[in-house]
Amino acid sequence: MQIDNLTPEERNRRRELVRSARSMMRKSYLVQAEDEMSMMICRNKYCLQVMFSESHPLMVLCLIKEFPILTYGEQMEALNDLNNHSVLGAHGLNAENRCYTFRATQWLDSELTSDRLSEMLYRCELEADRGYEKLKHVHRGGWT
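Bear in mind that the values here come from a model prediction, so they are computed numbers and not experimental data. Residue indices follow the written sequence of each chain, beginning from 1 at its first position. Where totals are concerned, whole chains, interfaces and linings use all residues; where local detail is concerned, this predicted model gives features only for residues with pLDDT of at least 70, and gives and counts side-chain atom pairs only at 80 or more. Calculation of side-chain values draws on the structure's entire complement of heavy atoms; hydrogens and water are dropped beforehand.

A separate point is the environment of Arg98. Inspection of the secondary structure puts Arg98 in the loop between strand E5 (90–94) and strand E6 (99–107). The buried label goes to any residue with under 20% of its type's maximum accessible area, the exposed label to any with over 50%, and the partly exposed label to all in between, with areas taken from a 1.4 Å probe on protein chains only. In this structure Arg98 comes out as partly exposed when scored by relative accessible area, which is 36%. Spatially, the C-alpha atoms of Arg98 and Met51 are 22 Å apart, while their sequence positions differ by 47 residues. A run of DSSP states H or I qualifies as a helix once it reaches four residues; a run of E qualifies as a strand once it reaches two. Both are numbered from the N-terminal end.

As structure tokens, then:
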């Protein structure tokens, strides 16, 4: 089914799933900033950007943390290896902003519960911690 061909009922259902998920986030965490598409939350060691799409419906979790950028040779190999072995999401580095990111997409095919949200965030943080540590220790002599 194409997104343009959704029935009004299905569009409303998807809109309600996203509205409910945003409400769950607000109840569970202190939201630092918010607009129509996303919200920003500080959680544990990460800045968490949560983006929503009503048309699909999706929730994208992007964990961001400052990163002392290394030289790119071995580090890019390690980043590729991480992404080749990560089922949950994608790891990235941004040299310009000096940050590490882990991004995971979750379908909102049913109403988000507090327990499910906690599980999603916990699993994402575990994977982000794993990726961050692997990249940080790739080549200790290569800090720029």
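Here the narrative resumes.
To pair, rings of Phe, Tyr and Trp, with the six-membered ring standing in for Trp, must have centres within 6.5 Å; the planes then decide the type, stacked if under 30 degrees apart, edge-to-face if over 60, and tilted in the middle. Counted according to the given criterion, the structure contains two aromatic pairs. Centroid distance Phe67 to Tyr132: 5.1 Å. Interplanar angle 90°. Geometry classified as edge-to-face. Taken together, the residues span a long stretch of sequence, with Phe67 in the loop between strand E4 (58–66) and helix H2 (72–84) and Tyr132 in helix H3 (residues 114–136) at a distance of 65 residues. Tyr132 carries the same exposure label as Phe67, and that label is buried. Between the aromatic rings of Tyr100 and Tyr132, the centroid separation amounts to 5.7 Å while the plane-to-plane angle is 85°, which identifies the pairing as edge-to-face. Within this pair, whereas Tyr100 is found in strand E6, its partner Tyr132 is found in helix H3, the two being separated by 32 residues in sequence. Put simply, the rings of Phe67, Tyr100 and Tyr132 touch in pairs and so form one group of aromatic residues. Throughout this description, the term charge over a ring refers to an Arg CZ or Lys NZ atom that lies within 6 Å of the ring centre and within 35 degrees of the ring normal. When the ring centre of Tyr46 is taken as reference, the NZ or CZ atom of Lys65 above it lies at 5.2 Å. Above the face of the Tyr132 ring, Lys65 is positioned so that its terminal group lies 4.1 Å from the ring centre.

Let us look at the pairing of strand E2 (residues 38–43). Here strand E1 (residues 31–34) pairs with E2 via three bridges, running antiparallel. Looking across to E2, one finds that Glu34 is bridged to Met39. Two strands pair if DSSP finds at least two bridges between them. Count of turn residues in the E1/E2 antiparallel hairpin: three residues. The pairing of E2 with strand E3 (residues 46–53) spans six bridges and is classified as antiparallel. In the sheet register, Met40 faces E3, and the bridge partner there is Gln49. Taking the residues that link successive antiparallel strands as the turn, the E2-E3 hairpin has two residues, and the phi of Asn44 there is positive, at about 50°.

In this model H3 runs 32 Å from its N-terminal to its C-terminal C-alpha over 23 residues, within 8% of the 33 Å that 1.5 Å per residue would give. For H3, every residue scored as buried is listed here: Leu117, Met120, Leu121, Cys124, Glu125, Glu127, Ala128, Gly131, Tyr132 and Leu135. Expected span, for any helix, means 1.5 Å times one less than how many residues it has.

In the sections that follow, a salt bridge refers to a side-chain nitrogen of Lys or Arg positioned within 4 Å of a carboxyl oxygen of Asp or Glu. For the coordinates displayed, the defined rule picks out 13 salt bridges. Here Glu54 and Arg15 are joined by a salt bridge, their closest N and O atoms 3.5 Å apart. Of this pair, Glu54 sits in the loop between E3 and E4 while Arg15 sits in helix H1 (residues 8–28); the two residues are 39 residues apart in sequence, bridging distant segments of the chain. In this structure Arg15 comes out as partly exposed when scored by relative accessible area, which is 38%. In this structure, the salt-bridge partner of Arg26 is Glu34, at a minimum N-O distance of 2.8 Å. For Glu34, a relative accessible area of 38% gives the class partly exposed. The structure contains a network of salt bridges with shared partners spanning Glu10, Arg13 and Arg14.

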